[in-house]
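Summary of structural features
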Amino acid sequence: MKRNLGLLILALGALAAHGGALAQVCYYDSIEATAPADRFIDNGDGTVTDEGTGLQWKRCSEGQSWNGTTCLGSVTRLSWQGALQLADAASFAGNSDWRLPNIKELASIFEQACHSPAIDLAVFPGTPWSDVLSEPSNSFWSSSPDRSDLAYTRAVHFSNGEDRGETTLYDTGPVRLVRGGGPGARINDTGIDWCSLGFVQFTVPCPVDDYPWQDGELGRDITRDNDADGHAGFSFTKLDADGDPLPANAPTWSCIQDEVTGLMWEAKTNISGLHDKIWTYSWYNPDPFTNGGTAGWPDNNDGWPEDYDNCYDPSRCDTDKFAADVNAEGLCGFSDWRLPTREELRSIVHNGRTYPSADIEFFPDIESGLFYQLYWWTSSPDATARTGGGGAWLIDFSRGADLSTSTYHDHHVRLVRVGESAVSPASRAHFVGVWRPSTGRFYLDMDGSQTWDLSIDAITDPFGIPSDRPVAGDWNGDGFDEIGVWRPSTGRFYLDIDGSFTWTAGVDVITDAFGIPTDRPVAGDWNGDGTDEIGMWRPSTGRFYLDMDGSSTWSLGVDAITDPFGIPTDYPVAGDWNGDGVDDIGVWRPSTGRFYLDIDGSFIWTPGVDAITDAFGIPTDHPVAGDWNADGTDDIGMWRPSTGRFYLDSDGSMTWTPGVDAITASYGVPTDLPIIGRW
């Protein structure tokens, strides 16, 4: 049975990990916990699941063993290459897809309230550390190469939780393995979409045989690489002064919504106002419950080169005063702006770039320049610096690393607030795609351009066999659609649960038999729970068989068998025809080109209520359905095998409107099958 680790008493010290010299020190009375034990679920098998990120971690460092209570044995220290190869071969707790975490994932378990080590020992007992930060033997490897120097790799030294970019490939360090996460996890990927070839000083395409499963082979920057809303897996929306969404090419904006993390960020300007990008501030926090024991320095002029000795209100240039001024202004309609934590600010770091390590299409105010011009404050106190004015963490956007420094220094500030996504995936338009039976590959229009863009759109790994039938749906409830196939010979669905666009053994799902070989598969959110379920339409009876409880198996008395809907030569479709958030059934009749749509969602034909459309398409077309105009209601469409073009009812009129409705560029070959989703 799973147990919440917050119920455990923290009784484990750092003696075993540090040779008995010192014990862990925590300041929960004055520093807010960032990775507390109650965020983790004990799976009872030597692993924990982080409810904040969705990641599953091994509790012990490699070389140690879990005895049901703690970690025993000596920690294994390996080179980066050795760590990657160990992860590639690892099998534990019934899973064989363990890997090295990327730098953002590894830093996500940093506990800012503690040091020696800076991690919760109730969750990760026996974590090794040392007093000497320059000692690499206790820096945990990540899978992320250092873009500023490819002879180095990002690593975290858990003495104080510092991201050690200076760890060379010659060094040896400990390893902690992770798995899972997926596109639904609220943690940004790194932006690294290339690989390192050891000490070679240039990037190479992935994969690299001797350095398997590097950062660049995994994550959103591969599966969601759509530059339309952020580079390499980042997904941002520009907001106007009222907090309303703007087009991605808008020349000015006031805030930026991160669609992955849900955080809303202040945008800087170049007009000498309150938000001008040149202003710098000393770190000051008068709250004794969160400032680490020292308040810092209000309006300090420290004489550093980056000290402009001014801000918009030069009477007091510190972080606390700036946040108060922005909240009084009501930036983007909100008054709960604050300084970000270290890991929140790290979330917008683009580790695939340097000078600056940022997506400059959305954060152009992070300018290239001398290193101190790229320092940005966080709210996180340094638990190891509690004397004088204290110390706090900042992010160095020259190379995307963190750094602790004295609070009297003056650095840049970008405020943040926790906001829901301004444009949730569910409110976005559907995009087109095809599945190729001869190869089993999906070809997906990732940027919604309705044309094939070689550098942006996705070609998946093989998924299925030639006799399968493709399906797409939001199998994991993350707001994005994932791929799948249905196999007529067995009646089983094969569903890409983690959204990786490849089959992941032990994670992705093979359902029980659902349907008979002559059925035709459908998918939709039949119960309004935000997750799509499987279904079938049977030509011989015209009935739909729908998995109402989402169990991926037929549940007698729970799942639905509809009244006859259609005739044997029809093709089934499913969509939210009425905008109520629940998908409804329908069919398309090749002989007339008309759709018959269950507008009232009753699963039965209701004369005078349900819709018969005008003719749409020709007999050899394939019907599709999707929300082409992002109005929350699904519309009809066609894919024509002879030309590869989609014909989409863009205005939702259920008839072809020349000059308004869309004819896409050729997408696919005649033997393909169409697929629609929010990729």
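Throughout this description, residue numbers start from 1 for each chain and increase along the sequence as written. In keeping with the predicted nature of the model, local features appear solely for residues at pLDDT of at least 70, side-chain atom pairs appear and are counted solely at 80 or more, and the whole-chain, interface and lining totals rest on all residues. Side-chain numbers come from the whole structure's heavy atoms, not from hydrogens or water.

What about the state of the cysteines?
Cysteine sulfur atoms are paired as a disulfide whenever they come within 2.5 Å of each other. Summed over all chains, the structure comprises 5 disulfides. At a sulfur-sulfur separation of 2.1 Å, the disulfide partner of cysteine 26 is cysteine 114. On the sign convention where negative is left-handed, the bridge of cysteine 26 and cysteine 114, at about 105 degrees about the S-S bond, is right-handed. Of this pair, cysteine 26 sits in strand S2 (residues 25-26) while cysteine 114 sits in strand S8 (residues 114-115); the two residues are 88 residues apart in sequence, bridging distant segments of the chain. Bridging cysteine 311 to cysteine 317, the disulfide has an S-S length of 2.2 Å. Judged by the torsion about the S-S bond (-90 degrees), the cysteine 311/cysteine 317 disulfide is left-handed. Going along the chain from the N terminus, every DSSP run of H or I of four or more residues is numbered as a helix, and every run of E of two or more is numbered as a strand.

Thoughts on unusual backbone geometry
The omega torsion across serine 116 and proline 117 is 5 degrees, close enough to zero to call that bond cis. The residue after cysteine 206, namely proline 207, is reached through a cis peptide bond having omega 0 degrees. With respect to the helices and strands, proline 207 occurs in the loop between strand S12 (178-180) and helix H3 (220-223). One non-glycine residue, tyrosine 355, lies in the positive phi region at around 45 degrees. Looking at tyrosine 355, the relative accessible area reads 41%, which means it is partly exposed. Even without being a glycine, serine 552 presents a positive backbone phi close to 60 degrees. Turning to its location among the elements, serine 552 is positioned in the loop between strand S29 (543-546) and strand S30 (560-561). When accessible area is computed with a 1.4 Å probe and restricted to protein chains, residues below 20% of their type maximum are described as buried, those above 50% as exposed, and intermediate ones as partly exposed.

Remarks on the pairing of S29
Pairing between strands is defined by DSSP: at least two bridges between the two strands are required. The sheet contact formed by strand S28 (residues 533-538) and S29 spans 4 bridges and is antiparallel. Directly across from arginine 538, in S29, lies its bridge partner arginine 543. Connecting S28 to the antiparallel partner S29 that follows it, the hairpin turn spans 4 residues, and glycine 542 within it adopts a positive phi of roughly 75 degrees. Relative to S30, S29 runs antiparallel, the two being bridged by 2 bridges.

Side note on the nonpolar core
Working definition of a nonpolar core: buried Ala, Val, Leu, Ile, Met, Phe, Trp, Tyr and Cys residues. They are joined through side-chain atoms within 4.5 Å. In this structure, Cys255, Tyr281, Phe322, Val326, Trp337, Val413 and Leu415 are the most contacted members of the largest nonpolar core, which totals 22 residues. Elements with a contribution of two residues or more to this core: helix H4 (319-329), strand S16 (375-381) and strand S17 (391-396). Looking at this core element by element, the count peaks at 3 residues for H4. Note on contacts: a residue pair is in contact if any heavy atoms of the two residues lie within 4.5 Å. If we skip the residues at most four places from it in the chain, valine 413 touches Glu266, Lys268, Tyr281, Thr319, Phe322, Leu339, Trp376 and Trp377.

Notes on the confidence of the model for the protein
Across the protein, the average pLDDT comes to 88, with 89% of residues at 70 or higher. For every residue, the pLDDT score states the predictor's confidence, bounded by 0 at the bottom and 100 at the top. Below pLDDT 50 for its whole length, residues 1-21 participates in 47 contacts with residues either more than four positions away or in separate chains.

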